Amino acid sequence: MNFAVLASGNGSNLQAIIDAIKKKKIKANLNVVISDKKDAFVLKRALKAGIPTVVIDLKFFKSRASMDKAIVKELKGFGIDFVVLAGYMRILSSYFVKAYKNKILNIHPALLPLFKGAHAIRDAFDAGVKTTGVTVHFVDEKVDHGPIIAQESLRIKKGESLKSLEARIHKVEHKMYPKVIDFFAKGRI
Ligand code: GRF
């Protein structure tokens with residue numbers, strides 16, 4: 001099975017995926033990393049690991065739909081079977097979702113359907129919930145929405161800082177996502 005990672009930022013989840021592939025904990029090929037941000041650190045991580053990168057920036061397209069057509073064209077060109085979103089800060093068009101129906105995964109740093117959006121860890125922290133966590137789900141056309149595949153919860157400690165919570169959430173993500181990706185690649189989801 002061949003997959004692609006789409007990401008817009010730091011790429012710590014991509015790094016966890018790359019490390020898991022090296023350790024043979026993911027038995028699938030990561031053929032390409034696609035980003036919408038040419039300066040994203042995630043691209044450096046991919047290059048260092050020898051993985052081809054492609055930048056597809058909305059500013060060169062008339063619309064989100066035409067941008068997504070270009071992405072799907074690249075994915076087909078790289079022989080991609082499934083797509084892994086890892087901090088990709090865009091909503092996918094229905095064209096994209098249909099092209100890879102039930103074959104697009106996303107990771108979100110909260111227990112969906114709670115705390116959707118770009119500031120989920122902080123929003124959960126500010127809300128004062130005692131438990132938050134991480135969700136991996138299939139992607140549809142809505143933000144942080146679609147059938148849930150896996151969740152892991154995490155208790156917020158008394159007096160814990162936001163920074164500490166963020167670090168613990170990311171640690172959970174980096175263990176959980178490679179596992180789910182491997183399960184998916186083996187047809188177990
Ligand atoms: C992660 O917290 C992920 O759950 C969310 O975006 C963040 C990406 O972080 N969707 P990174 O770029 O993988 O470090």
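Cut-off values and rules
- Residues numbered from 1 in each chain as written.
- Predicted model: local features only at pLDDT ≥ 70, side-chain atom pairs only at ≥ 80, totals over all residues.
- Heavy atoms only, no water.
- Helix = DSSP H or I, 4+ residues; strand = E, 2+ residues; numbered from the N terminus.
- Buried < 20%, exposed > 50% of the residue type's maximum accessible area, 1.4 Å probe, protein only.
- Pairing = 2+ DSSP bridges.
- Axes fitted to C-alpha atoms, helices over the stretch in contact; angles between N-to-C directions.
- Contact = heavy atoms within 4.5 Å.
- Near = heavy atom within 4 Å.
- Polar contact = N/O pair within 3.5 Å; in protein donor to acceptor, adjacent residues only side chain to side chain.
- Areas by Shrake-Rupley, 256 points an atom, 1.4 Å probe, with all protein chains shown as cover.
- Nonpolar A, V, L, I, M, F, W, Y, C, P; charged D, E, K, R; others polar.

**Quick look at unusual backbone geometry**
Along the chain, L112 connects to P113 via a cis peptide bond; the corresponding omega equals 10°. With respect to the helices and strands, P113 occurs in the loop between β5 (104-108) and α5 (120-127). One non-glycine residue, N102, adopts positive backbone phi at about 60°. Residue position: N102 is located in the loop between α4 (94-99) and β5. Among the residues examined, N102 registers a relative accessible area of 46% and is labelled partly exposed.

**Considerations on the sheet that holds strand β1 (residues 2-7)**
Strand order in the open sheet formed by 7 strands is β3-β2-β1-β4-β5-β6-β7, with mixed pairing between adjacent strands. Of all strands in the sheet, those bounded by a partner on one side alone are β3 (53-55) and β7 (148-155). Mean inter-strand twist for the sheet, computed between neighbouring axes without regard to direction, equals 20°. Here helix α6 (residues 162-185) sits on the sheet in contact with β1, β4 (82-85), β5, β6 (131-138) and β7, set at roughly 30° to β6.

**Digging into the environment of K175**
As for its position among the elements, K175 is in helix α6. In this structure, the C-alpha to C-alpha distance between K175 and A16, residues 159 residues apart in sequence, is 7.5 Å.

**Some words on the site of the ligand**
Every residue close to the ligand is listed here: N10, G11, S12, N13, G87, I107, H108, P109, H170 and E173. Between the ligand and E173 there is a distance of 2.2 Å, counted from an oxygen atom to a side-chain nitrogen or oxygen. Burial of the ligand by the surrounding chains reaches 84%, relative to a free accessible area of 360 Å². Elements represented by at least two residues in the shell around the ligand include exactly α1 (12-22), β5 and α6. Residues belonging to the shell around the ligand are distributed by class as follows: 2 nonpolar, 7 polar and 1 charged.

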